[in-house]
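Here's the letter readout for the chains.
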Amino acid sequence: MPKVYRSSVIEAPVDAVWQYIRDFSGLHKWFPGVSDTKLEGNKGADQAGCVRNFGLPDGGRMREELLEFSDQEHICAYRMLDGAVPMSRYHARVRLMPITDSNRTFAEMAADFDCAPGHEEMVSGFLSSTYDGAFAQIKQGVKK
């Protein structure tokens, strides 16, 4: 099963970064290529089992389920239910940690997934560049 891991240092306190990204229905604010995000059902954006449905530039839609959420540990983990990307069993996790000597944030995104044989590098490269783009958008949007 291929894995992707990306990390970055964000020049803002961990609580400010978390407040910017913690809303499971706010993916369009900070994730590249997401045009809109809406929740399905009655669960809140911080409750395990919550499902988000989001739009892509080509008009396609994806759905993801929240698996783990912690305001204390600044963690959000989720899995793809369905979508227009060439992979399956996609599980991802976002985690933020304080850098205590400078009041900055260490952010990491990690995922594992399955894909068709021979497509591992392409899908891993796509995810890596998308996660790097997400870090760039967070850095632009978060209030320091």
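Along each chain, numbering runs from 1 in the same order as the chain's sequence is written. With pLDDT at 70 or above as the cut-off, local features in this predicted model cover only qualifying residues; side-chain atom pairs require 80 or more to be listed or tallied, and sums for whole chains, interfaces and linings still use all residues. With hydrogens and water set aside, each side-chain value is computed from the structure's full complement of heavy atoms.

A tally of helices and strands in the protein chain yields two helices and seven strands. Note that the radius of gyration is over C-alpha atoms, with the globule rule given as 2.2 Å times the number of residues to the power 0.38. The C-alpha radius of gyration computed for the protein chain amounts to 15 Å, which stays within 12% of the reference 15 Å derived for 144 residues, consistent with globular compactness. Projected onto the principal axes, the alpha-carbon positions of the protein chain cover approximately 45 × 35 × 25 Å. Each residue is placed in one exposure class: buried if its accessible area under a 1.4 Å probe, protein chains only, is under 20% of its type's maximum, exposed if it is over 50%, and partly exposed if it falls in between. Expressed as a percentage of its 144 residues, the buried residues of the protein chain come to 44%. Only DSSP runs of H or I covering at least 4 residues are called helices, and only runs of E covering at least 2 are called strands; the numbering of each starts at the N terminus.

Turning next to the sheet that holds strand E6 (residues 88-99). With antiparallel pairing, seven strands are arranged side by side in an open sheet as E1-E7-E6-E5-E4-E3-E2. Both outer strands of the open sheet, strand E1 (3-10) and strand E2 (37-40), are each paired with one neighbouring strand and no more. Between one strand axis and the next, the sheet turns through 25° on average, direction left out of account. For strand E5 (residues 75-82) and E6, the ladder comprises five bridges, and the chain directions are antiparallel. Within E6, the residue paired with Tyr78 across the bridge is Ala92. Sitting on the sheet, helix H1 (residues 14-21) is in contact with E1, strand E4 (61-70), E5, E6 and strand E7 (104-114), with an inclination near 150° to E6. In what follows, a contact means two residues having at least one pair of non-hydrogen atoms within 4.5 Å. Orientation is described by axes fitted as lines to C-alpha atoms, over the contacting stretch for helices, and by angles from 0 to 180 degrees between their N-to-C directions. Across the face of the sheet, helix H2 (residues 120-141) comes into contact with E1, E6 and E7 while running at roughly 20° to E1. What makes two strands pair is DSSP finding at least two bridges between them.

What follows concerns the packing of H1 against H2. At a closest axis distance of 10 Å, the pairing of H1 and H2 adopts a crossing angle of 110°. Between H1 and H2, the angle falls in the class roughly perpendicular. Crossing angle aside, the handedness with which H1 passes H2 is right-handed. Contacts from Val17, Tyr20 and Ile21 of H1 reach H2 at Gln137, Ile138 and Gly141. Class assignment for the residues of the contact of H1 with H2 results in four nonpolar, two polar and no charged. Roughly parallel means an angle under 35 degrees; roughly antiparallel means over 145; roughly perpendicular covers 65 to 115; every other angle is labelled oblique. Each helix crossing is assigned a hand: it is left-handed if the near helix lies turned anticlockwise from the far helix by less than a right angle, otherwise right-handed if that turn is clockwise. Polar here means any residue other than Ala, Val, Leu, Ile, Met, Phe, Trp, Tyr, Cys and Pro, which are nonpolar, and Asp, Glu, Lys and Arg, which are charged; Gly is therefore polar.

Looking at any residue, its pLDDT shows the predictor's confidence there, from 0 to 100. Averaged over all residues, the pLDDT of the protein chain is 94; the fraction at 70 or higher stands at 99%. Taking the mean pLDDT of every element in the protein chain, the minimum, 94, falls on H2 and the maximum, 98, on E1.

Turning our attention to the environment of Arg93. Its location among the elements puts Arg93 in strand E6. Taking the C-alpha atoms as reference points, Arg93 and Cys76, 17 residues apart in sequence, are found 5.7 Å from one another. Sequence-distant contacts of Arg93, that is, excluding residues within four places in its chain, are made with Glu68, Ile75, Cys76, Ala77, Glu108, Met109 and Ala110.

This brings us to the side chain of His74. Inspection of the secondary structure puts His74 in the loop between E4 and E5. The exposure class of His74 is buried, given its relative accessible area of 9%. Pairing of N or O atoms within 3.5 Å defines a polar contact, subject to two protein rules: one partner must be a possible hydrogen donor and the other a possible acceptor, and residues neighboring in sequence count only if both atoms are side-chain atoms. Here Asp71 takes part through its backbone oxygen, which lies 3.5 Å from a polar atom of the side chain of His74. Residue contacts for His74: discarding those within four places in its chain leaves Val14, Asp15, Trp18, Val94, Arg95 and Leu96.

Turning our attention to the nonpolar core. Membership of the largest hydrophobic core comes to 41 residues, with the highest contact counts inside it found for Trp30, Met87, Tyr90 and Tyr131. Every element with two or more residues in this core is listed here: E1, H1, E4, E5, E6, E7 and H2. Top element by residues in this core is H2. It accounts for six residues. Those residues in contact with Met87, other than ones at most four positions away along the chain, are Met80, Phe113, Asp114, Cys115, Val123 and Leu127. Here, the term nonpolar core denotes a set of buried Ala, Val, Leu, Ile, Met, Phe, Trp, Tyr and Cys residues that are joined through side-chain atoms within 4.5 Å.

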